[in-house]
Amino acid sequence: MTEKFTDEEKKGLYKAIHSRRDVRSHFTTKAIEDEVLSRILNAAHHAPSVGFSQPWNFILVKDTQTKAKIKKSFEEEKEKSSQLIEEPKKSKYLSFKLEGILESPVNLCVTYDPSKFGPFVIGRSSIPEAGLYSVCCAIQNLWLAARSEGVGVGWVSILSNEVLKEVLNLPNHVVPVAYLCLGYVDEFASKPDLETAGWLPRLGLEDVIYYEKWEDKRNSNWKNIQNIIKTNLDYA
Ligand SMILES: Cc1cc2nc3c(=O)[nH]c(=O)nc-3n(C[C@H](O)[C@H](O)[C@H](O)COP(=O)(O)O)c2cc1C
């Protein structure tokens, strides 16, 4: 597997990245074939991980009673979090559809197990969070692979981890990192739902890149890339 990507292959990869969406609604009733689900999980399992610790597990859920318990936690947590904002934002927030727990055919909890291959893991002593970061890499792989298969993924973080741990029988030391809803969709929106709803805009790439030091945007050694970023982005 040492050969270069062809232009078509590169386009395919960037297409997955740019057209991936967080999906909360419009799941079709079509079941995800086990072959497809296996490929998606295998993509997740091939993510990078600190010290090759592979600290993830994937709990597949389709039991409706389990889903109902998780949905209840979502509703409680959404109500609780809405107390943190004032009107008119509060009503707008409450009107958003922010999960597809019951409608999606497969729910998936991705967990972090710090004890795997531990306690010494190369690269995790100084920055213990590197373990969690590794699980997030797996989730992103999963999200992109799912997009290429036509499967929508929605991440639900408006949940109580305590409820997740109890409902899914997680041992005490295992951390639930993501609760995901998966299902086929007929189309993927061209923009994030929260952008379309006017909640937040996408920042310009030029707004998030600094040169050499925090908040330095004018460093002359980087002029060319500054122009490209502003005017001429490929595969976007
Ligand atoms: C860690 C994390 C947690 C998220 N939690 C939720 C959530 O609880 N409900 C929801 O509707 N979307 C959730 N999202 C999705 C984001 O809202 C979404 O990624 C963002 O608006 C950009 O849209 P896009 O993913 O379609 O590009 C979450 C995303 C991440 C990365």
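Analysis parameters
- Residues numbered from 1 in each chain as written.
- Predicted model: local features only at pLDDT ≥ 70, side-chain atom pairs only at ≥ 80, totals over all residues.
- Helix = DSSP H or I, 4+ residues; strand = E, 2+ residues; numbered from the N terminus.
- Buried ≥ 20, exposed ≤ 12 C-beta atoms within 10 Å, placed from the backbone.
- Contact = placed C-beta atoms within 7 Å.
- Axes fitted to C-alpha atoms, helices over the stretch in contact; angles between N-to-C directions.
- Left-handed = near helix turned anticlockwise from the far one by under 90°.
- Nonpolar A, V, L, I, M, F, W, Y, C, P; charged D, E, K, R; others polar.
- Pairing = 2+ DSSP bridges.
- Near = placed C-beta within 6 Å.
- Domains from an automatic or database assignment.
- Expected span 1.5 Å × (residues − 1).
- Arc of directions from axis to C-beta.

**Examining the overall build of the chain**
- Along the backbone of the chain there are 9 helices and 4 strands.
- Helices (α) and strands (β) of the chain occur, in sequence order from the N terminus, as α-α-β-α-α-β-α-β-α-β-α-α-α.
- In terms of its C-alpha atoms, the chain occupies a principal-axis envelope of roughly 60 × 50 × 35 Å.
- Here the chain holds 236 residues, and the buried ones make up 23% of them.
- When contacts within the chain are restricted to residue pairs at least 6 apart in sequence, long-range pairs at least 24 apart make up 84% of them.

**Here we look at the packing of helix 2 (residues 34-45) against helix 5 (residues 130-148)**
- Running from N to C, helix 2 and helix 5 point in directions that differ by 145°, and their axes come no closer than 7 Å. Between helix 2 and helix 5 lies a crossing of right-handed hand. Here helix 2 contributes R39, I40, A43, A44 and H45 to the contact with helix 5, which in turn contributes A138, I139, N141, L142, A145 and A146.
- Considering only residue class, the contact of helix 2 with helix 5 consists of 8 nonpolar, 2 polar and 1 charged.

**Some remarks on the sheet that holds strand 1 (residues 56-61)**
- Reading across the sheet, the 4 strands line up as 1-2-4-3 and stay open at both edges, with antiparallel pairing between neighbours. One side of each edge strand has no neighbouring strand; the edge strands of this open sheet are strand 1 and strand 3 (151-156). In this sheet, adjacent strand axes meet at a mean angle of 25° when their direction is disregarded.
- As paired strands, strand 1 and strand 2 (residues 106-112) are joined by 6 bridges and run antiparallel to one another. When the sheet's bridge partners are listed, V61 is paired in strand 2 with N107.

**Observations concerning the site of the ligand**
- Residues in close proximity to the ligand include R21, D22, R24, L98, E99, G154, W155, V156, S157, I158, P192 and L194, which together make up its full environment.
- The leading source of residues in the shell around the ligand is strand 3, at 3 residues.
- By residue class, the composition of the shell around the ligand is 6 nonpolar, 2 polar and 4 charged.

**Some thoughts on the domain arrangement of the chain**
- As assigned here, the chain comprises domain 1 (13-196) and domain 2 (203-236).
- Relative to domain 2, the C-alpha centre of domain 1 lies at a distance of 31 Å.

**Examining the pairing of strand 4 (residues 175-184)**
- Counting buried residues along strand 4, 9 of its 10 residues qualify, which places the element largely inside the surrounding structure.
- Relative to strand 4, strand 3 runs antiparallel, the two being bridged by 6 bridges. Note on strand 4: the bridge partner recorded for G154 is C181.

**A closer look at the environment of I40**
- Relative to the helices and strands, I40 resides in helix 2.
- C-beta crowding within 10 Å serves as the criterion here: with 26 such atoms nearby, I40 is assigned to the buried category.
- Counting along the chain gives 16 residues from I40 to R24, while the straight-line C-alpha distance between them is 19 Å.
- Beyond its immediate sequence surroundings of up to four residues, I40 is in contact with L142, A145, A146, E149 and V151.

**Some thoughts on helix 2**
- Here helix 2 contains 12 residues, and its C-alpha end-to-end distance of 16 Å stays within 8% of the 16 Å for a straight helix at 1.5 Å per residue.
- All buried positions along helix 2 are accounted for by L37, I40, L41 and A44. With its buried residues spanning 95° around the axis, helix 2 presents them on a single face. Summarising the geometry of helix 2, the exposed residues directed more than 90 degrees from the buried face are E35, S38 and N42.
- Those residues of helix 2 hidden inside the fold are in contact with strand 1, strand 2, helix 5 and strand 3.

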